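Working through the structure, step by step
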Amino acid sequence: MSASEAEADLSSDERAGLELIREAGGIHQSDFWKELDISSRKGSRIAEVLESLGLIKRTQTVYSGHTTYYLEPAARDLEFSLLMAGDMLSPLIGEEEINANSNAFSQWLMNLAYEEY
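If you're wondering where the values come from, they're calculated on a predicted model, not measured in any experiment.

**Points about unusual backbone geometry**
Phi is positive for D37, close to 60 degrees, though the residue is something other than glycine. Of note in the backbone geometry, S64 takes a positive phi value of approximately 55 degrees without being a glycine. Looking at S64, the relative accessible area reads 60%, which means it is exposed.

**Re the pattern of salt bridges**
Within this structure, the stated rule accounts for four salt bridges. A salt bridge links E7 to R22, with the nearest nitrogen and oxygen atoms 2.7 Å apart. On the criterion of sequence distance, the pair formed by E7 in helix α1 (residues 3-8) and R22 in helix α2 (residues 12-24) is long-range, its members being 15 residues apart. With relative accessibility at 23%, the residue E7 sits in the partly exposed group.

**What about the packing of aromatic side chains?**
Using the criterion set out here, one finds one aromatic pair in the structure. Centroid distance F105 to W108: 6.2 Å. Interplanar angle 25 degrees. Geometry classified as stacked. Placement of both F105 and W108 in helix α5 (residues 103-114) is noted, with a separation of three residues, approximately one turn of the helix. Judged by its relative accessible area of 14%, F105 falls in the buried class. Seen from the ring of Y69, R58 lies directly overhead, with NZ or CZ sitting 3.8 Å from the centre.

**Topic: the packing of helix α3 (residues 29-36) against helix α4 (residues 40-52)**
Interaxial distance between α3 and α4 falls to 9 Å at its minimum, and their mutual angle equals 110 degrees. Taken together, the axes of α3 and α4 are roughly perpendicular relative to one another. In this structure, α3 crosses over α4, and the sense of that crossing is right-handed. Counted together, Q29, F32 and W33 of α3 and S40, G43, S44, I46 and A47 of α4 form the full contact between these two elements.

What counts as what
- Residues numbered from 1 in each chain as written.
- Predicted model: local features only at pLDDT ≥ 70, side-chain atom pairs only at ≥ 80, totals over all residues.
- Heavy atoms only, no water.
- Buried < 20%, exposed > 50% of the residue type's maximum accessible area, 1.4 Å probe, protein only.
- Salt bridge = Lys/Arg side-chain N within 4 Å of Asp/Glu carboxyl O.
- Helix = DSSP H or I, 4+ residues; strand = E, 2+ residues; numbered from the N terminus.
- Phe/Tyr/Trp six-rings, centres within 6.5 Å; stacked < 30°, edge-to-face > 60°.
- Lys NZ or Arg CZ within 6 Å of the ring centre and 35° of its normal.
- Axes fitted to C-alpha atoms, helices over the stretch in contact; angles between N-to-C directions.
- Parallel < 35°, antiparallel > 145°, perpendicular 65-115°, else oblique.
- Left-handed = near helix turned anticlockwise from the far one by under 90°.
- Contact = heavy atoms within 4.5 Å.

Put into structure tokens, the structure is as follows:
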């Protein structure tokens, strides 16, 4: 199951938790449930579900003298097809100087415009 498919099946509390973790870039589980205004038990369950779906990384740590977990977003799947127009890869990939008037870029845009979905 891809990350986007897993996200579609999340409950509203799980979705709010994932959004909080992504926005913060990482948060201790002991703060996580407080921020969501839910019980520590429910916060722990949400974190376990998100980890099992591969949406977050959960690492045991010590924070404020207590053992807890640090929750951070997992790397998202990259969708390389967004860089393609037909069988052409975007000519802007890897270029330090972008010339929007180049023939390669114009051809890539034309392929993109005529591509059927």
